[in-house]
Amino acid sequence: EIRKFIRLILGGFFSIKTIYKIIKHVFLEIFNNKYKTRRSMLQPILGFDIYLNLLRKYKPQFSTFFSNHVAGVMHRYWKDSFPEDFEDYKEKNYRDSFNQSSLDLALQIADYQIGLLLNFQKKRGGKFWVVSALGQEAVNWGEHIPEITIESENNLLKMISLEKTFYKFLPSMHPDINIECKDEESLNNLRRFFSSLTDVENTKLFIERYKPVNKTINFTLNSTKVLNKTKKVKYEDSTFDISEFGMGFVDRDQGTGYHSPKGIFMSNFPSDIKSLDLDDYECIDTTLFYDFILSYFKND
């Protein structure tokens, strides 16, 4: 990874300004441990440099840049920025100035990137959209329990006696995991064995939320107070340390903001709003954008 990063630097994919920000952040982490919570905000800066470089070089008819850093900070620090959204905010001092400024910083990064893309499109007479299917709002999860995570997929499959070549772990957002199975038999074996894995009070650790699709299945990792206390799991009437199953705990800031069905659509062409007939929808179906985008290329 370091070699790849050096090649990107030597290839001119990162600006001097970005390299300076990375170096500065590393030194800030050394002197103040709290800056580690902002490390995720380096990713959109690095990724955007590469994206903008390629955008200017190839000038595609259509492209997208996915950014999640604002959402990530909102998840963690909503209470620090909007304490009045919580019933007991007058009795408790929720506002942490460092965490609050993290959200401001995340928005500044997004604002700067939006400005660059908007100027790029204005110069070539193109359209620029900002689209999000979801918004966020305050949430109270109750008592905080450290979350379980899979640290070794191979160890997990080995302990439940499944052939690792039959399973492929696909990208997903924790605490969800997505697994592609070789065939129907391997899928059923996975479901059966995962349903047998519990904490010492027989609460399942893998919750099947959706029906399988094309031999791919989704599970949610279920953290419990008992599991966090004992660090023990039960499997086929035997008790094991959780680490034997390639699993562990991640103790991070408890989220105080979560998804709400209130997204956004912004365009530098006001006529786009009318073209989508958005006024006819109480809740806008995001698949509408699929046809809307394709309409630009129907004559190609």
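Residues numbered from 1 in each chain as written. Predicted model: local features only at pLDDT ≥ 70, side-chain atom pairs only at ≥ 80, totals over all residues. Heavy atoms only, no water.

Peer 1: Help me understand the packing of helix 2 (residues 16-31) against helix 3 (residues 42-58) in this model?
Peer 2: Two numbers describe a pair of packed helices, the interaxial angle and the distance between the axes. At a minimum axis separation of 10 Å, helix 2 and helix 3 run at an interaxial angle of 160 degrees. Taken together, the axis directions place helix 2 and helix 3 in an arrangement best described as roughly antiparallel. Taken as a pair, helix 2 and helix 3 cross one another with a handedness that is left-handed. Taking contact as the criterion, the partners of Thr18, Lys21, Ile22 and His25 in helix 2 are, on helix 3, Leu42, Ile45, Leu46 and Asp49. Residues belonging to the contact of helix 2 with helix 3 are distributed by class as follows: 4 nonpolar, 2 polar and 2 charged. (Axes fitted to C-alpha atoms, helices over the stretch in contact; angles between N-to-C directions. Helix = DSSP H or I, 4+ residues; strand = E, 2+ residues; numbered from the N terminus. Parallel < 35°, antiparallel > 145°, perpendicular 65-115°, else oblique. Left-handed = near helix turned anticlockwise from the far one by under 90°. Contact = heavy atoms within 4.5 Å. Nonpolar A, V, L, I, M, F, W, Y, C, P; charged D, E, K, R; others polar.)

Peer 1: Which parts of the structure should I look at to understand the environment of Asn218?
Peer 2: Secondary-structure assignment places Asn218 in strand 8 (residues 216-221). Considering only alpha carbons, one finds Asn218 and Ile177, 41 residues apart in sequence, at a separation of 5.8 Å. Separated by 3.4 Å, the side chains of Asn218 and Asp176 make a polar contact. A polar contact of 2.8 Å, which involves the side chain of Asn218, links it to the side chain of Asn178. (Polar contact = N/O pair within 3.5 Å; in protein donor to acceptor, adjacent residues only side chain to side chain.)

It is worth stressing that arrangement in space is one thing and function is another; only the former is reported here.
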